[in-house]
Amino acid sequence: MMSDKINWGILGTAEIAETQVIPAIQSASNATLAAIASGSGKEREFAAKYRIPKAYGTYEELLDDPDIDMVYIPLPNGLHSKWVKAAAIRGKHVLCEKPAALTAGETSEMIDVCERHHVLFMEALMYQFHPQHQRVKEMVRSGAIGEVVLMRSSFTFMLKKLEGNFRLHPQNGGGSIYDIGCYCIHAIREIMGEPESVSSWGRISASHQVDLSAIAILDFANGTKSYFDCGMNMSTRHEYEIVGTRGTIRVPKAFIPQTDGEGLIQLTDQQGNMQEERHYGNYYKLGVEHLSSCLLDRTQPRYGTEGSIRNMKVIDACLASIASHNHAPVSIR
(Lines give C-alpha, C1' and ligand atoms only; values in the text may rest on other atoms or scores of the structure.)
Protein backbone atom coordinates (compact mmCIF):
# COMPACT_ATOMS: atom_id res chain seq x y z
CA MET A 1 0.00 0.00 0.00
CA MET A 2 1.31 3.42 -0.94
CA SER A 3 1.81 5.95 1.83
CA ASP A 4 -0.66 8.55 0.59
CA LYS A 5 -2.92 6.82 -1.97
CA ILE A 6 -4.94 3.63 -2.09
CA ASN A 7 -4.72 1.42 -5.18
CA TRP A 8 -8.21 0.42 -6.31
CA GLY A 9 -9.36 -2.34 -8.62
CA ILE A 10 -12.83 -2.88 -10.10
CA LEU A 11 -14.52 -6.24 -10.67
CA GLY A 12 -16.71 -5.81 -13.73
CA THR A 13 -17.66 -3.16 -16.25
CA ALA A 14 -21.16 -2.29 -14.99
CA GLU A 15 -22.75 1.00 -16.00
CA ILE A 16 -22.51 2.39 -12.47
CA ALA A 17 -18.77 1.71 -12.50
CA GLU A 18 -18.33 3.46 -15.83
CA THR A 19 -20.49 6.50 -15.19
CA GLN A 20 -19.85 7.17 -11.50
CA VAL A 21 -17.18 5.16 -9.72
CA ILE A 22 -14.36 5.21 -12.29
CA PRO A 23 -14.51 9.05 -12.47
CA ALA A 24 -14.81 9.21 -8.68
CA ILE A 25 -11.70 7.12 -8.04
CA GLN A 26 -9.71 8.94 -10.70
CA SER A 27 -10.60 12.35 -9.26
CA ALA A 28 -10.14 11.39 -5.60
CA SER A 29 -7.21 12.93 -3.78
CA ASN A 30 -6.16 9.73 -2.03
CA ALA A 31 -7.00 6.99 -4.52
CA THR A 32 -5.62 5.55 -7.75
CA LEU A 33 -7.52 3.30 -10.16
CA ALA A 34 -4.90 0.66 -10.85
CA ALA A 35 -6.79 -2.25 -12.45
CA ILE A 36 -10.05 -3.49 -13.90
CA ALA A 37 -11.26 -7.04 -14.53
CA SER A 38 -14.09 -8.41 -16.64
CA GLY A 39 -15.39 -11.83 -17.51
CA SER A 40 -17.05 -10.51 -20.66
CA GLY A 41 -13.91 -9.47 -22.54
CA LYS A 42 -14.44 -5.74 -22.07
CA GLU A 43 -11.51 -5.20 -19.73
CA ARG A 44 -9.00 -4.05 -22.36
CA GLU A 45 -11.51 -1.69 -23.97
CA PHE A 46 -12.25 -0.11 -20.59
CA ALA A 47 -8.59 0.04 -19.63
CA ALA A 48 -7.73 1.86 -22.85
CA LYS A 49 -10.73 4.19 -22.70
CA TYR A 50 -10.17 5.24 -19.08
CA ARG A 51 -6.38 4.89 -18.97
CA ILE A 52 -6.40 2.14 -16.36
CA PRO A 53 -2.91 0.60 -16.09
CA LYS A 54 -3.89 -3.07 -15.71
CA ALA A 55 -6.64 -5.17 -17.31
CA TYR A 56 -7.48 -8.71 -16.26
CA GLY A 57 -9.67 -11.26 -18.01
CA THR A 58 -10.79 -12.87 -14.73
CA TYR A 59 -11.74 -11.50 -11.33
CA GLU A 60 -9.33 -13.91 -9.64
CA GLU A 61 -6.37 -12.42 -11.46
CA LEU A 62 -7.15 -8.95 -10.18
CA LEU A 63 -7.69 -10.22 -6.64
CA ASP A 64 -4.32 -11.97 -6.77
CA ASP A 65 -2.52 -8.75 -7.75
CA PRO A 66 -0.43 -7.78 -4.69
CA ASP A 67 -0.51 -4.10 -5.69
CA ILE A 68 -4.29 -3.79 -5.24
CA ASP A 69 -5.45 -2.55 -1.82
CA MET A 70 -9.20 -2.04 -2.33
CA VAL A 71 -11.75 -3.49 -4.75
CA TYR A 72 -15.09 -2.12 -5.88
CA ILE A 73 -17.70 -4.78 -6.66
CA PRO A 74 -20.58 -3.62 -8.92
CA LEU A 75 -21.67 -7.15 -9.91
CA PRO A 76 -25.30 -8.38 -9.91
CA ASN A 77 -26.72 -8.66 -6.39
CA GLY A 78 -26.64 -12.44 -6.32
CA LEU A 79 -22.86 -12.43 -6.86
CA HIS A 80 -21.95 -9.99 -4.09
CA SER A 81 -21.44 -12.57 -1.37
CA LYS A 82 -19.21 -14.83 -3.46
CA TRP A 83 -16.85 -12.10 -4.60
CA VAL A 84 -16.74 -10.14 -1.35
CA LYS A 85 -15.59 -13.34 0.36
CA ALA A 86 -13.09 -14.04 -2.41
CA ALA A 87 -11.67 -10.54 -2.04
CA ALA A 88 -11.51 -10.72 1.75
CA ILE A 89 -9.72 -14.06 1.74
CA ARG A 90 -7.04 -12.46 -0.45
CA GLY A 91 -6.72 -9.51 1.90
CA LYS A 92 -8.48 -6.95 -0.30
CA HIS A 93 -10.65 -4.28 1.32
CA VAL A 94 -14.11 -3.96 -0.24
CA LEU A 95 -16.61 -1.39 -1.44
CA CYS A 96 -19.63 -3.45 -2.53
CA GLU A 97 -22.63 -2.16 -4.45
CA LYS A 98 -25.98 -2.08 -2.71
CA PRO A 99 -27.75 -4.13 -1.57
CA ALA A 100 -24.94 -5.79 0.37
CA ALA A 101 -26.32 -9.27 -0.35
CA LEU A 102 -29.69 -11.03 -0.75
CA THR A 103 -30.55 -11.59 2.93
CA ALA A 104 -29.45 -10.32 6.31
CA GLY A 105 -28.03 -13.76 7.08
CA GLU A 106 -25.97 -13.79 3.91
CA THR A 107 -24.77 -10.26 4.66
CA SER A 108 -23.74 -11.19 8.19
CA GLU A 109 -21.85 -14.26 6.97
CA MET A 110 -20.07 -12.20 4.32
CA ILE A 111 -19.06 -9.55 6.85
CA ASP A 112 -17.79 -12.23 9.23
CA VAL A 113 -15.36 -13.36 6.51
CA CYS A 114 -14.17 -9.76 6.08
CA GLU A 115 -13.63 -9.36 9.81
CA ARG A 116 -11.75 -12.66 10.11
CA HIS A 117 -9.35 -11.50 7.41
CA HIS A 118 -9.08 -7.97 8.87
CA VAL A 119 -10.36 -6.13 5.81
CA LEU A 120 -12.68 -3.12 5.64
CA PHE A 121 -16.13 -3.57 4.12
CA MET A 122 -18.56 -0.85 3.13
CA GLU A 123 -21.83 -1.09 1.24
CA ALA A 124 -22.04 1.48 -1.57
CA LEU A 125 -25.05 3.50 -0.47
CA MET A 126 -23.02 6.44 -1.60
CA TYR A 127 -25.80 9.06 -1.63
CA GLN A 128 -25.32 9.50 2.13
CA PHE A 129 -21.96 11.23 1.57
CA HIS A 130 -23.62 14.22 -0.09
CA PRO A 131 -23.39 17.12 2.42
CA GLN A 132 -27.11 17.86 2.17
CA HIS A 133 -27.95 14.77 4.23
CA GLN A 134 -25.65 15.71 7.09
CA ARG A 135 -27.24 19.15 7.08
CA VAL A 136 -30.72 17.57 7.31
CA LYS A 137 -29.63 15.60 10.38
CA GLU A 138 -28.32 18.79 11.97
CA MET A 139 -31.65 20.54 11.32
CA VAL A 140 -33.63 17.67 12.84
CA ARG A 141 -31.35 17.49 15.92
CA SER A 142 -31.61 21.25 16.43
CA GLY A 143 -35.41 21.06 16.59
CA ALA A 144 -35.96 23.05 13.37
CA ILE A 145 -39.23 21.16 12.72
CA GLY A 146 -40.07 20.23 16.30
CA GLU A 147 -40.71 16.61 17.21
CA VAL A 148 -40.53 14.27 14.21
CA VAL A 149 -43.87 12.54 13.64
CA LEU A 150 -43.61 11.00 10.16
CA MET A 151 -41.16 10.40 7.33
CA ARG A 152 -41.78 9.32 3.77
CA SER A 153 -39.33 8.42 1.02
CA SER A 154 -39.74 7.70 -2.71
CA PHE A 155 -37.45 6.38 -5.42
CA THR A 156 -38.90 5.48 -8.81
CA PHE A 157 -37.87 5.36 -12.45
CA MET A 158 -39.05 3.82 -15.72
CA LEU A 159 -37.05 0.71 -16.63
CA LYS A 160 -36.78 0.88 -20.42
CA LYS A 161 -34.49 -2.01 -21.27
CA LEU A 162 -36.24 -5.22 -20.22
CA GLU A 163 -34.56 -8.00 -22.19
CA GLY A 164 -31.67 -9.47 -20.22
CA ASN A 165 -31.80 -6.77 -17.53
CA PHE A 166 -30.30 -8.00 -14.25
CA ARG A 167 -32.93 -6.00 -12.33
CA LEU A 168 -35.55 -8.49 -13.55
CA HIS A 169 -33.73 -11.72 -12.59
CA PRO A 170 -35.13 -13.11 -9.31
CA GLN A 171 -32.18 -15.45 -8.76
CA ASN A 172 -29.79 -12.50 -8.93
CA GLY A 173 -31.76 -10.32 -6.53
CA GLY A 174 -33.92 -8.46 -9.01
CA GLY A 175 -36.82 -6.23 -8.12
CA SER A 176 -37.42 -2.66 -7.03
CA ILE A 177 -36.91 -3.16 -3.28
CA TYR A 178 -33.43 -4.60 -3.74
CA ASP A 179 -32.50 -2.08 -6.43
CA ILE A 180 -33.82 1.21 -5.08
CA GLY A 181 -36.01 0.52 -2.07
CA CYS A 182 -32.78 -0.02 -0.13
CA TYR A 183 -32.11 3.72 -0.45
CA CYS A 184 -35.54 4.65 0.92
CA ILE A 185 -35.14 2.26 3.84
CA HIS A 186 -31.68 3.58 4.66
CA ALA A 187 -32.80 7.21 4.52
CA ILE A 188 -35.67 6.49 6.92
CA ARG A 189 -33.45 4.56 9.33
CA GLU A 190 -30.91 7.41 9.36
CA ILE A 191 -33.57 9.79 10.71
CA MET A 192 -36.13 7.62 12.49
CA GLY A 193 -33.97 4.84 13.92
CA GLU A 194 -34.70 1.14 13.70
CA PRO A 195 -38.27 0.01 12.88
CA GLU A 196 -39.95 -2.82 14.77
CA SER A 197 -42.13 -4.17 11.97
CA VAL A 198 -43.10 -3.55 8.36
CA SER A 199 -46.12 -4.18 6.14
CA SER A 200 -45.54 -4.23 2.38
CA TRP A 201 -47.44 -4.40 -0.88
CA GLY A 202 -45.82 -5.20 -4.20
CA ARG A 203 -46.75 -5.31 -7.86
CA ILE A 204 -45.16 -8.52 -9.11
CA SER A 205 -44.19 -8.96 -12.75
CA ALA A 206 -45.97 -12.04 -14.09
CA SER A 207 -43.22 -12.67 -16.64
CA HIS A 208 -40.21 -12.10 -14.37
CA GLN A 209 -41.52 -12.78 -10.84
CA VAL A 210 -39.91 -9.74 -9.24
CA ASP A 211 -41.50 -6.68 -7.65
CA LEU A 212 -41.79 -3.94 -10.26
CA SER A 213 -42.94 -1.58 -7.53
CA ALA A 214 -43.64 -1.70 -3.82
CA ILE A 215 -45.07 0.29 -0.94
CA ALA A 216 -44.19 -0.32 2.70
CA ILE A 217 -45.24 1.06 6.08
CA LEU A 218 -42.64 0.94 8.87
CA ASP A 219 -43.70 0.96 12.54
CA PHE A 220 -41.46 2.21 15.33
CA ALA A 221 -41.44 1.49 19.06
CA ASN A 222 -42.46 5.06 19.96
CA GLY A 223 -45.66 4.77 17.90
CA THR A 224 -44.48 6.78 14.89
CA LYS A 225 -44.71 5.47 11.36
CA SER A 226 -42.87 5.99 8.10
CA TYR A 227 -43.54 4.79 4.62
CA PHE A 228 -41.78 4.47 1.31
CA ASP A 229 -42.56 3.60 -2.26
CA CYS A 230 -40.18 2.39 -4.93
CA GLY A 231 -40.70 1.31 -8.49
CA MET A 232 -39.19 0.59 -11.87
CA ASN A 233 -42.45 1.25 -13.70
CA MET A 234 -43.17 4.95 -13.24
CA SER A 235 -41.67 8.38 -13.76
CA THR A 236 -38.52 9.41 -11.93
CA ARG A 237 -38.80 10.58 -8.33
CA HIS A 238 -36.08 10.47 -5.69
CA GLU A 239 -36.91 12.36 -2.55
CA TYR A 240 -37.73 12.21 1.12
CA GLU A 241 -39.74 14.37 3.50
CA ILE A 242 -39.61 14.61 7.29
CA VAL A 243 -42.74 15.92 9.01
CA GLY A 244 -42.51 17.44 12.46
CA THR A 245 -44.80 19.22 14.89
CA ARG A 246 -43.53 22.64 13.76
CA GLY A 247 -42.61 22.18 10.12
CA THR A 248 -41.35 19.90 7.37
CA ILE A 249 -38.05 19.22 5.64
CA ARG A 250 -38.15 18.04 2.03
CA VAL A 251 -35.14 16.82 0.03
CA PRO A 252 -36.22 16.57 -3.65
CA LYS A 253 -32.83 15.48 -5.07
CA ALA A 254 -32.02 12.78 -2.58
CA PHE A 255 -30.58 9.76 -4.35
CA ILE A 256 -29.61 10.37 -8.00
CA PRO A 257 -26.35 12.31 -8.52
CA GLN A 258 -26.87 15.67 -10.20
CA THR A 259 -24.56 16.83 -12.99
CA ASP A 260 -23.76 20.00 -11.05
CA GLY A 261 -23.60 18.18 -7.71
CA GLU A 262 -26.48 20.23 -6.32
CA GLY A 263 -28.57 19.12 -3.39
CA LEU A 264 -31.64 21.05 -2.26
CA ILE A 265 -33.24 21.26 1.18
CA GLN A 266 -36.67 22.88 1.56
CA LEU A 267 -37.70 23.85 5.09
CA THR A 268 -41.35 24.86 5.51
CA ASP A 269 -42.73 26.22 8.77
CA GLN A 270 -46.27 25.98 10.18
CA GLN A 271 -47.34 29.12 8.34
CA GLY A 272 -46.26 27.72 4.98
CA ASN A 273 -43.14 29.88 4.67
CA MET A 274 -40.36 28.07 2.84
CA GLN A 275 -36.61 28.50 3.08
CA GLU A 276 -34.25 26.75 0.67
CA GLU A 277 -30.66 25.69 1.12
CA ARG A 278 -28.40 24.40 -1.63
CA HIS A 279 -25.42 22.19 -0.94
CA TYR A 280 -22.96 20.80 -3.45
CA GLY A 281 -20.78 17.73 -3.67
CA ASN A 282 -19.85 14.70 -5.76
CA TYR A 283 -20.95 12.03 -3.34
CA TYR A 284 -19.21 9.18 -5.15
CA LYS A 285 -15.90 11.00 -4.93
CA LEU A 286 -16.54 11.90 -1.29
CA GLY A 287 -17.38 8.28 -0.49
CA VAL A 288 -14.28 6.95 -2.23
CA GLU A 289 -12.11 9.47 -0.40
CA HIS A 290 -13.74 8.58 2.91
CA LEU A 291 -13.13 4.84 2.52
CA SER A 292 -9.59 5.41 1.28
CA SER A 293 -8.91 7.63 4.30
CA CYS A 294 -10.23 4.92 6.60
CA LEU A 295 -7.66 2.50 5.22
CA LEU A 296 -4.83 5.03 5.34
CA ASP A 297 -5.70 6.18 8.87
CA ARG A 298 -6.71 2.75 10.20
CA THR A 299 -10.20 3.93 11.13
CA GLN A 300 -13.64 2.42 10.55
CA PRO A 301 -16.05 3.66 7.82
CA ARG A 302 -18.75 6.09 8.88
CA TYR A 303 -21.31 3.67 7.45
CA GLY A 304 -20.51 0.50 9.36
CA THR A 305 -21.24 -3.15 8.76
CA GLU A 306 -24.00 -3.27 11.38
CA GLY A 307 -25.90 -0.70 9.33
CA SER A 308 -25.76 -2.95 6.27
CA ILE A 309 -27.09 -5.90 8.26
CA ARG A 310 -29.93 -3.83 9.72
CA ASN A 311 -30.88 -2.45 6.29
CA MET A 312 -31.04 -6.00 4.95
CA LYS A 313 -33.26 -7.07 7.85
CA VAL A 314 -35.83 -4.48 6.80
CA ILE A 315 -35.55 -5.63 3.16
CA ASP A 316 -36.08 -9.23 4.32
CA ALA A 317 -39.21 -8.19 6.22
CA CYS A 318 -40.58 -6.21 3.26
CA LEU A 319 -40.19 -9.19 0.93
CA ALA A 320 -41.67 -11.56 3.51
CA SER A 321 -44.72 -9.32 3.95
CA ILE A 322 -45.27 -9.20 0.18
CA ALA A 323 -44.86 -12.98 -0.09
CA SER A 324 -47.46 -13.54 2.65
CA HIS A 325 -50.17 -12.16 0.32
CA ASN A 326 -52.09 -10.73 3.30
CA HIS A 327 -49.63 -7.87 3.94
CA ALA A 328 -49.48 -8.73 7.63
CA PRO A 329 -46.85 -6.85 9.63
CA VAL A 330 -43.54 -8.72 9.78
CA SER A 331 -41.34 -8.26 12.82
CA ILE A 332 -37.78 -7.06 12.28
CA ARG A 333 -35.28 -8.82 14.52
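The rules behind each value
- Residues numbered from 1 in each chain as written.
- Predicted model: local features only at pLDDT ≥ 70, side-chain atom pairs only at ≥ 80, totals over all residues.
- Heavy atoms only, no water.
- Core = buried A, V, L, I, M, F, W, Y, C linked by side-chain atoms within 4.5 Å.
- Buried < 20%, exposed > 50% of the residue type's maximum accessible area, 1.4 Å probe, protein only.
- Contact = heavy atoms within 4.5 Å.
- Phe/Tyr/Trp six-rings, centres within 6.5 Å; stacked < 30°, edge-to-face > 60°.
- Helix = DSSP H or I, 4+ residues; strand = E, 2+ residues; numbered from the N terminus.
- Polar contact = N/O pair within 3.5 Å; in protein donor to acceptor, adjacent residues only side chain to side chain.
- Pairing = 2+ DSSP bridges.

Undergrad: In this structure, what is going on with the nonpolar core? I would like to understand it.
TA: Within the largest apolar cluster, 79 residues are counted, with the highest numbers of intra-cluster contacts made by Trp8, Met126, Phe228, Tyr240, Ile242, Ile249 and Phe255. Setting aside anything within four residues of it in sequence, one finds isoleucine 242 in contact with Val136, Val140, Ile145, Val148, Leu150, Met151, Ile191, Gly247, Thr248 and Ile249. Ranked by size, the runner-up nonpolar core spans 28 residues in total, among them Ala35, Tyr56, Val94 and Ala100.

Undergrad: How should I be thinking about the packing of aromatic side chains in this particular structure?
TA: How two aromatic rings sit relative to each other is given by the distance of their centres and the angle of their planes. Here the structure, examined in full by the defined rule, presents nine aromatic pairs. Considering the side-chain rings of tyrosine 183 and phenylalanine 255, the 5.6 Å spacing of their centres and the 45° angle between planes classify their relative orientation as tilted. Taken as a pair, tyrosine 183 in helix α7 (residues 176–192) and phenylalanine 255 in the loop between β12 (247–251) and β13 (262–269) lie far apart in primary sequence, 72 residues in all. A relative accessible area of 2% places phenylalanine 255 in the buried class.

Undergrad: Hey, could you run me through the side chain of asparagine 7 in this one?
TA: Relative to the helices and strands, asparagine 7 resides in strand β1 (residues 6–11). One polar contact links the side chain of asparagine 7 to the main-chain carbonyl oxygen of aspartate 67, over a distance of 3.1 Å.

Undergrad: Sorry, what's going on with the pairing of strand β10 (residues 225–231) here?
TA: The two faces of the sheet receive side chains in turn, since in a regular strand these alternate between them. Counted residue by residue, β10 has five buried out of seven residues, so it is predominantly covered. Where strand β7 (residues 148–158) lies against β10, seven bridges are found, and the strand directions are parallel. If you follow threonine 156 over to β10, its bridge partner there is glycine 231. As judged from the seven bridges shared by strand β9 (residues 211–219) and β10, these two strands associate in the antiparallel manner. Each residue of the ladder has a partner; that of serine 213, found in β10, is glycine 231. Hairpin remark: β9 followed by β10, antiparallel, with five residues in the connecting loop; positive phi at glycine 223, about 95°.

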